[in-house]
Amino acid sequence: MKRSIQFVLAAFLLLAVGFAAGAATAGVKQWFLPLATINIENQSGQALRYLEVRFKNSVSDATWQLKPLAIGERAVARIHIPGEGGYTVRAVLADGAVVKESQGYVHAGYQINEVVGKEEIRGDVVRLY
């Protein structure tokens, strides 16, 4: 009888440790957070001095300033999306010229590609999860 109680306790402890490890992994990898991914590529012919992504909806308004990009370089913005809303990508070229911004609709699970050109930023939704 004592052995069976020890076996049950050991099995319970093993399951609890496994569950905690799985929950920690999911939290670190952000598997269950509602995220959208915006891939930005600089094809403007010159370096970017400033690059910004903004998300706005009825409950959230957040802005991320990304690192300046060299010609042909890419950046990725992973955005926590509480629901759905709009996003804006803004860029300023090395010579100070402001590129026409890109705006769009975004929902959790979207993967969007944005290409910064000399005069405007063009975007397409690539994949919906």
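Owing to the predicted nature of the structure, the values given are computational and were not obtained by experimental measurement. (Residues numbered from 1 in each chain as written. Predicted model: local features only at pLDDT ≥ 70, side-chain atom pairs only at ≥ 80, totals over all residues. Heavy atoms only, no water.)

### Section: the nonpolar core
Of all hydrophobic cores here, the largest spans 23 residues; its most connected members are Ile 38, Ile 40, Leu 51, Val 53 and Val 106. Of all the secondary structure elements, the ones that give two or more residues to this core are strand S1 (35-42), strand S2 (48-56), strand S4 (74-80), strand S5 (84-93), strand S6 (98-107) and strand S7 (110-116). Once residues lying within four places of it in the same chain are set aside, the contact partners of Val 106 are Ala 36, Phe 55, Ile 81, Glu 84, Gly 85, Gly 86, Tyr 87 and Ile 112. (Core = buried A, V, L, I, M, F, W, Y, C linked by side-chain atoms within 4.5 Å. Buried < 20%, exposed > 50% of the residue type's maximum accessible area, 1.4 Å probe, protein only. Helix = DSSP H or I, 4+ residues; strand = E, 2+ residues; numbered from the N terminus. Contact = heavy atoms within 4.5 Å.)

### Overview of the pattern of salt bridges
On inspection of all chains with the given rule, the structure shows five salt bridges. Across the pair Arg 74 and Glu 41 runs a salt bridge, and its minimum N-O distance is 3.5 Å. Within this pair, whereas Arg 74 is found in strand S4, its partner Glu 41 is found in strand S1, the two being separated by 33 residues in sequence. Given the relative accessible area of 18%, Glu 41 is considered buried. Put simply, Arg 54 and Asp 61 hold a salt bridge, and the shortest N to O gap is 2.7 Å. One salt-bridge network, held together by shared partners, links Glu 52, Arg 90 and Glu 101. (Salt bridge = Lys/Arg side-chain N within 4 Å of Asp/Glu carboxyl O.)

### A closer look at a nonpolar patch on the surface
Together, Met 1, Ile 5 and Leu 9 make up a nonpolar patch on the protein surface, roughly 380 Å² of accessible area in all. Within the secondary structure layout, Leu 9 lies in helix H1 (residues 2-29). With relative accessibility at 55%, the residue Leu 9 sits in the exposed group. (Patch = residues over 30% accessible without salt bridge, like charges linked within 9 Å, V, L, I, M, F, W, Y side chains within 5 Å. Areas by Shrake-Rupley, 256 points an atom, 1.4 Å probe, with all protein chains shown as cover.)

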